[in-house]
Amino acid sequence: MMKKNISKLILLVMSLVLVVGCTALKKSNENNNDKADVLSKIKANGKLVVGTAPGYPPFEFTVNKSGKSQVVGADIDLAKKIADEIGVELEIKAMDFDALIMALQSSKVDMVITSMTPTEERKKSVDFSDVYFEGTNSIIVNSNFSKVISKEDDLKNIVLGVQRVSVQEIYAKEVLKAPKIKSLTAIPDLIADMKNGNIDGIIASTVVAKINANQYDGLKLIDVNLSQANKEEAAIAIKKGDNKSLLDIVNKTIKSLKDSGQYEEILNKNIDLASKQ
């Protein structure tokens, strides 16, 4: 009888050890999956999900193809090159500019490509690739604009329009300290508001400003040195974490496109396309 009880006890202990061992192995596998780097997860999903904010041609804008609205632009072409390099499909998620970093932090997108300037403040929230675009900023005004703007301080005497949470907004508020600023979600919204007489001038990337001045009747650019705002840079935002392998492949793609002149071709192609919209 005692032997039987001992045998049952041994079997019970062995069963508990087996259950605990399996549970530990399962948790270990789950932890390993959680710790998988971003690139591995993208490959496993078979697609690269990129967040962008249309309304900023030639970088990202919408066109009508076969009755359907489609997001295109230099940033979308860059995203496709990166997806091809990784060996996965590309999925574009369009949203407001000020929602992009939150979407990245909550893993709704794998990266953000939307002509985003890698400011020190943004670097606290996300990591950035190497810079893929460098340019300047300009002021868009109505063609009947008659106020004298000969120097930067003169901008304090007009109502300035800027895209919300953009570097242009930071410049207007923190550097220029302009007393009258209107921040809206997208450049087209700002232009519509300016045409309605609520904004005097819009600060935007020179490339973007020129396209919009050509797209909309009754607009022109004015030439003024914007000091700190006269330089614009764009980089790709990636969620902080185990992202080194992804950043490496992104930076490799950017370098290859810039060194070969392909990025300039991509940009010029989309400037031409945006100018025809």
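Just so you know, the residues in each chain are numbered from 1, in the order the chain's sequence is written. Only residues with pLDDT of at least 70 are given local features in this predicted model, and only at 80 or more are side-chain atom pairs given and counted; all residues enter the totals for whole chains, interfaces and linings. Where side-chain values are given, they derive from all heavy atoms of the structure, hydrogens and water being excluded.

S.K.: Even after reading the chapter, I still don't get the packing of helix α3 (residues 74-86) against helix α10 (residues 262-275), so can you show me in this structure?
M.R.: The angle between the axes and the distance between the axes are what describe a pair of packed helices. In this analysis an axis means a line fitted to C-alpha atoms, helices contributing only their contacting stretch, and an angle means the value between N-to-C directions, from 0 to 180 degrees. Numbered from the N terminus, helices here are DSSP runs of H or I no shorter than four residues, and strands are runs of E no shorter than two. Contact pair α3 / α10: the axes reach a minimum separation of 9 Å and the direction vectors enclose 140°. Put simply, α3 runs oblique to α10. For the pair α3 and α10, the crossing hand works out as right-handed. When α3 is examined against α10, the residues A74, D77 and K81 are found in contact with a partner set consisting of Q262, Y263, I266, L267, K269 and N270. Gly is placed with the polar residues, together with every amino acid not listed as nonpolar (Ala, Val, Leu, Ile, Met, Phe, Trp, Tyr, Cys and Pro) or charged (Asp, Glu, Lys and Arg). Residues that form the contact of α3 with α10 fall into these classes: 4 nonpolar, 2 polar and 3 charged. Here the angle decides the label: under 35 degrees means roughly parallel, over 145 means roughly antiparallel, 65 to 115 means roughly perpendicular, and every other value means oblique. Should the near helix be turned anticlockwise from the far one by less than a right angle, the crossing is termed left-handed; should it be turned clockwise, right-handed. Residue contacts are counted whenever heavy atoms from the two residues lie within 4.5 Å of one another.

S.K.: Whenever I open this one, the pattern of salt bridges confuses me. Can you help?
M.R.: Oppositely charged side chains can pair when the atoms bearing their charge come close. We count a salt bridge whenever a side-chain nitrogen from Lys or Arg sits within 4 Å of a carboxyl oxygen from Asp or Glu. This structure, assessed with the given rule, holds 16 salt bridges. The partner of K156 in a salt bridge is D153, and the shortest N-O contact between them spans 3.6 Å. Look at D153 and you get partly exposed, because its relative accessible area is 45%. Burial classes follow relative accessibility: with a 1.4 Å probe on protein chains only, a residue under 20% of its type's maximum area counts as buried, one over 50% as exposed, and anything between as partly exposed.

S.K.: Please clarify how the packing of aromatic side chains should be interpreted in this entry.
M.R.: Aromatic rings in a pair are described by how distant their centres are and how their planes are angled relative to each other. Ring geometry is summarised as follows: Phe, Tyr and Trp rings, the Trp one being its six-membered ring, pair when their centres sit within 6.5 Å, and such pairs are stacked at plane angles under 30 degrees, edge-to-face over 60 and tilted between the two. Using the criterion set out here, one finds 3 aromatic pairs in the structure. When the ring of Y56 is compared with that of F59, the centres are 6.1 Å apart and the planes differ by 25°; the resulting orientation is stacked. For the pair Y132 and Y263, a centre-to-centre distance of 5.8 Å together with 70° between the ring planes defines the contact as edge-to-face. Of this pair, Y132 sits in the loop between β6 (126-128) and β7 (133-135) while Y263 is found in helix α10, placing the two residues 131 residues apart along the sequence. For the residue pair Y132 and Y263, the accessibility class agrees, reading buried in each case. Connected via pairs of aromatic rings, a cluster forms that spans Y56, F59 and F133.

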